Amino acid sequence: KQSSLPSLDAINGRLRVRLGEALATVSNESMPLEKVATKDLAALRAYTLGTKAYDSARDDEAIGFFRQALKLDPEFSLARVGLAKIFLNESKNTAAIGELDAAIASPGRMAHRDALYVKALLASANGSSQLAAIENWKILTGTYPDFSSGQALRAYYLWWYGNGIKQAIDPGTLAASSKNPTPANSQLLLGVLQLASERYDAALDQFGKADSAQSANLGWTLAYAHAAALDFDAAMASLDAVGEGAAIIDIDDTAIARASILADKGRWNDAHDVLAHAAGSVRSTGRFTETELAMLGLDSLLSGKPASSEPLRNVLRAFESELRETALADRYKIQKCLLFGAYLAARAGSIKDAERAMAAVTLGADAKQYPILANLLAVATAQVSLSRDQPQEALGKLKGLIDGNELVITHVALMEVHAANGDLKSAIAEANWLASHRGRAYAELNVQGVVPFNIAMSNLAMLNAAEYAAEIDAGDSARQTLGKFQSKWPDAAENPRLAKRIKNLQTKLQPKTS
């Protein structure tokens, strides 16, 4: 069955397996060539051609060469690993697992390092425990610290599964160093991690190195770093440079990137139109993508039209149906979509829709094995409590989430829950966190559909902070923060929802007459 989530994470597929050096045909260990690889020279030649095609992103050719190698030598384990990496790139985890299982069945045909690598890949693909996958990469890199692919993939999965930005920096830096003969994609990942750490210049430096090293068009990752630093001219120029058919670009990526930056500039109507066009082109085929959720999330904050639960309900039902028909190993992206959608439904007061979507995502007794999913589930559950006017209960569901690895949306939820509980100083602190973590908002490509929502909230948080400050009679602080918001979004008063909030706040801040 064709997934309803086509190429949602093109950049993540590129980061996931094309990081660092390709798995060596033969590890630098003592096993003889014919035992580690294959006794069939024609199979070895096909495998070598396959790795060259793979490294040049010619995946169809690579598949043909790897299959030819296996036809000549069915127990050629590294050829199976080559196929598995391509399937992982395409988010075909179930197919990848089949190849990795077959490779492990012939352990004598691989060196110890490569066997650990395959074991870690298998743990990352099968979806049974994301924390166990991260632990497998830790074991590999602890045993072979100079193995660039191991360091790169350890960094990737720390981020992809755990949002572990700080933890991923060290292995990511090792993988992006000159010791790696092919560091470009590791530099791309390190750039994302630096962006998430609010180190914009460092991020641009890494993106530039990646771009130079492989002549790849990384326009929208560059655009995110420029936009986070408020250099919108450079951001839009980078986006405009993104060409048709670039290896990591698809309709969802470009639409979400462009909409995020347009929203950041206060051009929310244009942002909506970009997402609506992209979503509509896919919806016409009867499918939905993360772009649809990105549009609905942005509209929930900025639309001047009355909210309707029907579009979101339709999207959630489609994802629920897709999830039921998808193997466990291939569910991760759909689960993230459902939980973000559940949060949006709860914000809109559609509690039954939210609870149904959450119930569809079964994480088992130990949800902590799936860090990002557990974070999204906690936030959605808290929003349900808040929508039921139970802010204390909502706060309890969010406690313990702030550990440096939490998603940006966690701070949105905490801001609104603190405000509902009357703890306006804590609400202001969360609003200030949102306004000061623009890079983090842009860098959450591991939950791609939430990025436009993140960016809009990083700006709206200033208006929230001004409103909260006015409530506690901190007039000077409220005026200053409102001024910052209006400077950032000078056309905000043209949005009916924002215009009403601004007018009410300005009225409240007027000097009182005796």
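Our subject is the structure listed above.
Residues numbered from 1 in each chain as written. Predicted model: local features only at pLDDT ≥ 70, side-chain atom pairs only at ≥ 80, totals over all residues. Heavy atoms only, no water.

Draft legend 1. The arrangement of the pattern of salt bridges in detail. Enumeration according to the criterion identifies 21 salt bridges in this entry. A salt bridge links R109 to E75; the shortest N-O distance between them is 4.0 Å. Of this pair, R109 sits in the loop between α6 (93–104) and α7 (112–125) while E75 sits in the loop between α4 (59–72) and α5 (77–89), and the two are 34 residues apart along the sequence. The class of R109 is buried, set by a relative accessible area of 14%. Residue classification places E75 among the partly exposed positions, given a relative accessible area of 48%. As a salt-bridge pair, R113 and D114 come within 3.5 Å of each other at their nearest N and O atoms. (Salt bridge = Lys/Arg side-chain N within 4 Å of Asp/Glu carboxyl O. Helix = DSSP H or I, 4+ residues; strand = E, 2+ residues; numbered from the N terminus. Buried < 20%, exposed > 50% of the residue type's maximum accessible area, 1.4 Å probe, protein only.)

Draft legend 2. Molecular detail of the packing of aromatic side chains. Here the structure, examined in full by the defined rule, presents 17 aromatic pairs. Taking 5.0 Å as the distance between ring centres and 85 degrees as the angle between the ring planes, the aromatic pair formed by Y156 and Y157 counts as edge-to-face. By the burial criterion, Y156 is buried, and Y157 matches it. When the ring of W159 is compared with that of W160, the centres are 6.5 Å apart and the planes differ by 40 degrees; the resulting orientation is tilted. Like W159, the residue W160 is buried in the burial classification. These aromatic residues form a ring-pair network of at least three members: Y117, W137, F147, Y156, Y157, W159, W160, Y161 and Y332. Over the face of the ring belonging to W160 we find K336, whose NZ or CZ atom lies 3.8 Å from the ring centre. K336 extends its terminal NZ or CZ atom over the ring of Y332, reaching a point 4.1 Å from the ring centre. (Phe/Tyr/Trp six-rings, centres within 6.5 Å; stacked < 30°, edge-to-face > 60°. Lys NZ or Arg CZ within 6 Å of the ring centre and 35° of its normal.)

Draft legend 3. Just the nonpolar core, in detail. Counting residues in hydrophobic clusters, the biggest one holds 172 residues, and the most contacted among them are Y224, I261, F453 and F485. For this core, the element with the most residues is helix α26 (residues 451–471), which contributes 14 residues. Discounting chain neighbours no more than four positions away, the residues touching Y224 are L195, I256, A257, S260, I261, Y442, L445 and V451. (Core = buried A, V, L, I, M, F, W, Y, C linked by side-chain atoms within 4.5 Å. Contact = heavy atoms within 4.5 Å.)

Draft legend 4. Focus on the packing of helix α19 (residues 332–347) against helix α23 (residues 408–420). α23 packs onto α19 with a crossing angle of 20 degrees between their chain directions and a minimal axis gap of 13 Å. Taken together, the axes of α19 and α23 lie roughly parallel to each other. The two elements α19 and α23 meet at a crossing, and its hand is left-handed. Residues F340, Y343 and R347 of α19 form the contact with α23, whose own contacting residues are I409, V412 and E416. Tallied by class, the residues present in the contact of α19 with α23 amount to 4 nonpolar, no polar and 2 charged. (Axes fitted to C-alpha atoms, helices over the stretch in contact; angles between N-to-C directions. Parallel < 35°, antiparallel > 145°, perpendicular 65-115°, else oblique. Left-handed = near helix turned anticlockwise from the far one by under 90°. Nonpolar A, V, L, I, M, F, W, Y, C, P; charged D, E, K, R; others polar.)

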